[in-house]
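# Fold and geometry: a report
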Amino acid sequence: MSKTWRPATQLVHEGTLRSQYGETSEAIYLTQGFVYDTSASAEARFKGETDGFIYARYGSPTNDMFEKRMIALEGAEDARATASGMAAVSAAILCQVKAGDHIVAARALFGSCRWVVETLAPKYGVECTLVDGRDLKNWEAAIRPNTKVFFLESPTNPTLEVVDIAGVAKLANQIGAKVVVDNVFATPLFQKPLELGAHIVVYSATKHIDGQGRCLGGVILSDKQWIDENLHDYFRHTGPAMSPFNAWTLLKGIETLPLRVKQQTENAARIADFLADSGKVGKVIYPGRKDHPQADIIARQMKGGSTLVCFELKGGKDAAFALQDALEIVKISNNLGDAKSLITHPATTTHKNLTDEARAELGISGGTLRLSCGIEDTDDLLEDLDQALKAIAG
C-alpha cells in the first residue's frame, strides 16, 4: 500500500486483505484458531520462522487489517488492537512497569484512567504521582530516579485542558522514561503524538473510530521494538484482544472518520461561540477558540479544534440537569465521539468517584457539562440548545 496517500484514502484502503473470492468489503475471519498443512509448518510458525496466525487471542486477519489501517493513519511502526479503550490504557502502562517503578501522570484524566495509575498500579508496588499537567515544571519536579512512565491525555476529559506533549517528551527522554498519550479527544486527524515525541499512543476506538455507538475497542500504537519487548508477551498471555467482529465493525467505521470529524468539529466550533454569548453560561472551553487558556500550545501541536465542548452553567447542578432534561436532539449519555450529539454531566457520571476536592482541582463543578457534537444539522443543534437554555430558571 502507498504511504503517500492522505488520511481519507488510507482509511478506506490501507491494510486490506482479500480472500480468493475478491470481496469488496473486508471479510470477518470469525475463528478462534488456525490449521496447518503439516506438523513441520506448525512448528515453524510457533518458532516464528514463518509468517501466519496461530490463535485469535494473538491476532487474526481482520484484526490485522484494523491494526494496519491505524498504523498508517498514526504513522506508527506497530499496533495491537484491544477489547476496549481501557484495555489499551491498562496494557500500555502495566506492560512496561514493575514493583519499585514510578509513574508520573497528569491529574486531569478520565476516571478509569486515574484508577489504573492511582489505585491499581500501587497494588503491585508501582508508585504514582499526579501533577497539574499544564505546567512542565510540575512534570520535572515529580521526576524520581525510578520514574519510568509519563501518562497524559490531551485535550483532557472533560475540561479540554491541553498538555505540551513535546515538552513532556523532552523531559522523559532525558531520564529514559516513556510517554504514553491518550489521544482520544484530539483524534488521530488533529494530533500526532508520535510526531511530537511521545513513545506510545492509545485510543478508545469505541469513540470516534467507531463513531456510531455500536461496539467497544481500543488500540495501542508505538515502535516495533517497544511492542516486541514490552507489550507482545503481556498481550499474548493476559488476553485483552479485540474480537474480530468488532475489528470488522471498526474497519467500517474508520472509513468515514474524516467526514464525521469534520462535521462534528464544525458543529462544535459554532456551538462554542453560541454558548459563549449566552448569559446563562459562565465559561466555555473549546480548543478552537482564541480564549482557550493554552491557545499557544494548541496552535503548535493540533491541526484542528475538537468535536467536544466543555461549558459551565451559572446555575450549578440544578441548571445543568434542567438543560439536559430539556434537550430534544442532544441525548444524555456518558459516551462521546458518536454521530449523535451527546451531553454528559461529569460530576455525577464519568468523574463521580473522584472526591469533591479532586473534581474542584480539575475545574469540574456541578454546573459543568461536556457536549460531544454529532453530525446533525448545525442549526438544529443550535435551536435545541437555545430552547433548552430558556428552560433554565433565571
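Residues numbered from 1 in each chain as written. Predicted model: local features only at pLDDT ≥ 70, side-chain atom pairs only at ≥ 80, totals over all residues. Heavy atoms only, no water.

### Concerning the overall build of the protein
To keep it simple, the criterion reads: For the purposes of this entry, the term helix denotes a DSSP run of H or I that reaches at least four residues, the term strand denotes a run of E that reaches at least two, and both are numbered from the N terminus. Throughout, the radius of gyration refers to the C-alpha atoms, and the reference size of a globule is 2.2 Å times the residue count to the power 0.38. Under the scheme applied here, a residue whose accessible area is under 20% of the maximum for its type counts as buried, over 50% as exposed, and between as partly exposed, the area being computed with a 1.4 Å probe on protein chains only. Note on definitions: a residue-residue contact is assigned when non-hydrogen atoms from the two residues lie within 4.5 Å. Calculation of accessible area relied on Shrake-Rupley with a 1.4 Å probe; when residues are assessed, cover is drawn exclusively from the protein chains displayed. Charge assignment: positive for Lys and Arg, negative for Asp and Glu; neither His nor the chain ends contribute. In plain terms, the charge of a residue is placed at NZ if it is Lys, CZ if Arg, CG if Asp and CD if Glu.
Secondary structure summary: the protein contains 16 helices and 12 strands in total. Here the protein has a C-alpha radius of gyration of 22 Å; the compact-globule value for 394 residues is 21 Å, and the two agree. C-alpha atoms of the protein, sized along the principal axes, occupy 80 × 55 × 35 Å. In the protein, which comprises 394 residues, the share counted as buried stands at 56%. Restricting to contacts in the protein with at least 6 residues of sequence separation, those with at least 24 account for 72%. As presented, the protein carries roughly 16,800 Å² of accessible surface, and 51% of it is formed by carbon and sulfur atoms. Averaging the locations of the 42 positively and 49 negatively charged side chains of the protein gives two centres separated by 1 Å.

### Side note on the environment of isoleucine 329
Within the secondary structure layout, isoleucine 329 lies in the loop between helix H14 (316–326) and strand E10 (331–332). C-alpha of isoleucine 329 to C-alpha of lysine 340: the two residues are 11 residues apart in sequence and 8.4 Å apart in space.

### Digging into the packing of helix H12 (residues 257–276) against helix H16 (residues 378–390)
Put simply, the test is: Think of each axis as a best-fit line through the C-alpha atoms, taken over the contacting stretch in the case of a helix, with angles from 0 to 180 degrees between the N-to-C directions. In this scheme, a crossing is called left-handed if the near helix is turned counterclockwise away from the far one by less than a right angle; it is called right-handed if the turn is clockwise. Under the scheme applied here, ten amino acids are nonpolar (Ala, Val, Leu, Ile, Met, Phe, Trp, Tyr, Cys and Pro), four are charged (Asp, Glu, Lys and Arg), and all others, including Gly, are polar.
The geometry of H12 relative to H16 is characterised by a closest axis approach of 10 Å and an angle of 35° between their N-to-C directions. Seen from above, H12 lies across H16 with right-handed handedness. Contact residues: H12 offers Gln263, Asn267, Arg270, Ile271, Phe274 and Leu275, while H16 offers Thr378, Asp379, Leu381, Leu382, Leu385, Asp386 and Leu389. Taken together, the residues of the contact of H12 with H16 sort by class into seven nonpolar, three polar and three charged.

### Quick word on the UniProt feature "modified residue: N6-(pyridoxal phosphate)lysine" (unreviewed entry) in the protein
Under the convention used in this document: UniProt positions are given in the numbering used here, feature names are shortened, and annotations may be inferred rather than shown by experiment.
Under the feature "modified residue: N6-(pyridoxal phosphate)lysine" (unreviewed entry), the UniProt entry names Lys207. Considering the arrangement of structural elements, one finds lysine 207 in helix H9 (residues 206–210).

### A closer look at the pairing of strand E3 (residues 127–131)
Along any regular strand the residues' side chains alternate between the sheet's two faces. Operational definition: At least two bridges found by DSSP between two strands are what make those strands a pair. Call a crossover right-handed when, viewed with both strands pointing away from you, the route from the first strand across the helix to the second goes clockwise.
Of the pairings in the sheet, the one linking strand E2 (residues 102–106) to E3 comprises five bridges and is parallel in character. When the bridges of E3 are listed, histidine 102 appears paired with glutamate 127. Viewed along the sheet, the connection from E2 through helix H5 (residues 111–123) into E3 turns out right-handed.

### As for the environment of leucine 194
Looking at the element boundaries, leucine 194 is found in the loop between helix H8 (187–190) and strand E6 (200–204). Separated by 195 residues in the primary sequence, leucine 194 and leucine 389 have C-alpha atoms spaced 41 Å apart. The contact partners of leucine 194, leaving out residues within four places of it in the chain, are Glu74, Gly75, Ala76, His199, Ile200 and Val201.

### With respect to the sheet that holds strand E5 (residues 178–182)
Within a sheet, adjacent strands bond to each other through the backbone by hydrogen bonds, running parallel or antiparallel. The strand order across the open sheet built from seven strands is E1-E7-E6-E5-E4-E2-E3, with neighbouring strands paired in mixed fashion. Bordering the open sheet on either side are strand E1 (78–82) and E3, each of which pairs with just one other strand. Within the sheet, the average angular offset between the axes of one strand and its neighbour, ignoring direction, is 20°. Looking at chain direction, E5 and E6 are connected through three bridges and run parallel. Each bridged residue has a counterpart across the sheet, and for valine 181 the counterpart in E6 is valine 201. The sheet strands contacting helix H7 (residues 165–175) are strand E4 (147–153) and E5, and the helix crosses E4 at an angle near 170°. Sitting on the sheet, helix H10 (residues 224–238) touches E1, E5, E6 and strand E7 (218–222), and the angle it makes with E1 is about 25°.

### Details of the pattern of salt bridges
Charged atoms that come close allow side chains of opposite charge to pair. This is how it is decided: Salt-bridge detection follows one rule: a side-chain nitrogen of Lys or Arg within 4 Å of a carboxyl oxygen of Asp or Glu.
The full count for this structure, using the stated rule, is 22 salt bridges. The residue glutamate 127 makes a salt bridge to arginine 144 at a minimum N-O spacing of 3.0 Å. Placement of glutamate 127 in strand E3 and of arginine 144 in the loop between helix H6 (136–142) and E4 is noted, with a sequence separation of 17 residues between them. Under the relative-accessibility criterion, glutamate 127 is labelled partly exposed at 39%. A salt bridge links arginine 134 to glutamate 161, with the shortest nitrogen-to-oxygen separation between them at 3.8 Å. Of the two residues, arginine 134 is situated in the loop between E3 and H6 and glutamate 161 in the loop between E4 and H7; the sequence distance between them amounts to 27 residues. Among the residues examined, glutamate 161 registers a relative accessible area of 11% and is labelled buried. A cluster of three or more residues bridged by salt bridges with shared partners is formed by Glu26, Arg69, Lys252 and Glu255.

### Considering the layout of surface pockets
This is how the line gets drawn: We place a 1 Å grid over just the protein atoms. Points where a 1.4 Å probe fits but has no way out form a cavity, open points with protein on both sides within 12 Å along at least 5 of 7 lines form a pocket, and any residue with an atom within 4 Å of a point lines it. Grid points are joined across faces, edges and corners, and a volume is the space filled by probe spheres set on the points.
Put simply, the largest pocket is a space of about 930 Å³. Around the largest pocket, the lining is made up of 32 residues, and of these Asp51, Gly52, Phe53, Asp64 and Arg80 lie nearest the centre. With six residues, the top contributor of residues to the lining of the largest pocket is helix H3 (residues 61–74). When the residues that make up the lining of the largest pocket are grouped by side-chain class, the tally is 10 nonpolar, nine polar and 13 charged. By volume, the second largest pocket is sized at about 390 Å³. Of all the secondary structure elements, the ones that give two or more residues to the lining of the second largest pocket are helix H4 (85–94), H5, E6 and H9. When residues of the lining of the second largest pocket are assigned to their parent elements, the largest contribution, three residues, is made by H4. Split by residue class, the lining of the second largest pocket holds nine nonpolar, nine polar and four charged.

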